[in-house]
Amino acid sequence: MPRRSGDAVSSTALAFVTYSLVPFLGILFCPGAVLVGGVGLARSRRAPHTRRDSLLGLALGLVILCAQLLLWWMLYKVPEWARGAPF
């Protein structure tokens, strides 16, 4: 059985993280993961057992946002690199 978190905010942050894993389209969900993870972290003072899930949503949202930005940068640079290829 899956573990039930009990906090809707941290669960929503982890759902945003899951959706942000989609290549290129996931960049739309990364800010939501960071924002909702931050809100969950602020609310975790009242419910300390949700702190780990909120922190995980915030941290993974930032890491995946960096990876998505790298993918988008590469998407625009690859044609430029292909024009300068010697072969």
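Details of the structure are given in the entry above.
Keep in mind that what you see is a predicted model, and the values were worked out from it rather than measured.

Caption draft 1: Representation of the pattern of salt bridges within the structure. Scanning all chains against the criterion turns up two salt bridges. Between aspartate 53 and arginine 52 there is a salt bridge, and its shortest N-O distance comes to 3.4 Å. Since its relative accessible area comes to 51%, arginine 52 is described here as exposed. Ionic pairing is found between lysine 77 and glutamate 80, a salt bridge with its closest N-O pair at 3.1 Å. Note that lysine 77 and glutamate 80 are positioned in helix H3 (residues 51-83) at a spacing of three residues, about one turn of the helix. By relative accessible area, which is 23% here, lysine 77 ends up partly exposed.

Caption draft 2: Representation of the packing of helix H1 (residues 8-19) against H3 in the model. At their nearest, the axes of H1 and H3 sit 8 Å apart, and the two run at 25 degrees to each other. On the basis of their axis angle, the class for H1 and H3 is roughly parallel. Note that H1 runs across H3; the crossing there is left-handed. Between H1 and H3, the residues in contact are Ser10, Ala13, Leu14 and Val17 and Asp53, Ser54, Leu56, Gly57, Leu60, Gly61 and Ile64, respectively. For the contact of H1 with H3, the per-class residue count stands at six nonpolar, four polar and one charged.

Caption draft 3: Expanded view of the side chain of aspartate 53. Summarising the element assignment, aspartate 53 is placed in helix H3. When its relative accessible area of 4% is taken as the criterion, aspartate 53 is described as buried. Of note is the side chain of aspartate 53, whose polar atom sits 3.4 Å from the side chain of arginine 52.

Caption draft 4: Summary view of H1. Helix length check: H1, at twelve residues, gives a terminal C-alpha distance of 16 Å against a target of 16 Å (1.5 Å per residue), a fit within 8%. Along H1, the positions that sit buried rather than exposed are Val9, Ser10, Ala13 and Val17. An end-on view of H1 places all buried positions within 100 degrees of arc, on one side of the element. Taken together, the buried residues of H1 touch helix H2 (30-43) and H3.

Rules behind the numbers
- Residues numbered from 1 in each chain as written.
- Predicted model: local features only at pLDDT ≥ 70, side-chain atom pairs only at ≥ 80, totals over all residues.
- Heavy atoms only, no water.
- Salt bridge = Lys/Arg side-chain N within 4 Å of Asp/Glu carboxyl O.
- Buried < 20%, exposed > 50% of the residue type's maximum accessible area, 1.4 Å probe, protein only.
- Helix = DSSP H or I, 4+ residues; strand = E, 2+ residues; numbered from the N terminus.
- Axes fitted to C-alpha atoms, helices over the stretch in contact; angles between N-to-C directions.
- Parallel < 35°, antiparallel > 145°, perpendicular 65-115°, else oblique.
- Left-handed = near helix turned anticlockwise from the far one by under 90°.
- Contact = heavy atoms within 4.5 Å.
- Nonpolar A, V, L, I, M, F, W, Y, C, P; charged D, E, K, R; others polar.
- Polar contact = N/O pair within 3.5 Å; in protein donor to acceptor, adjacent residues only side chain to side chain.
- Expected span 1.5 Å × (residues − 1).
- Arc of directions from axis to C-beta.

Just geometry here; none of it tells us what the structure is for.
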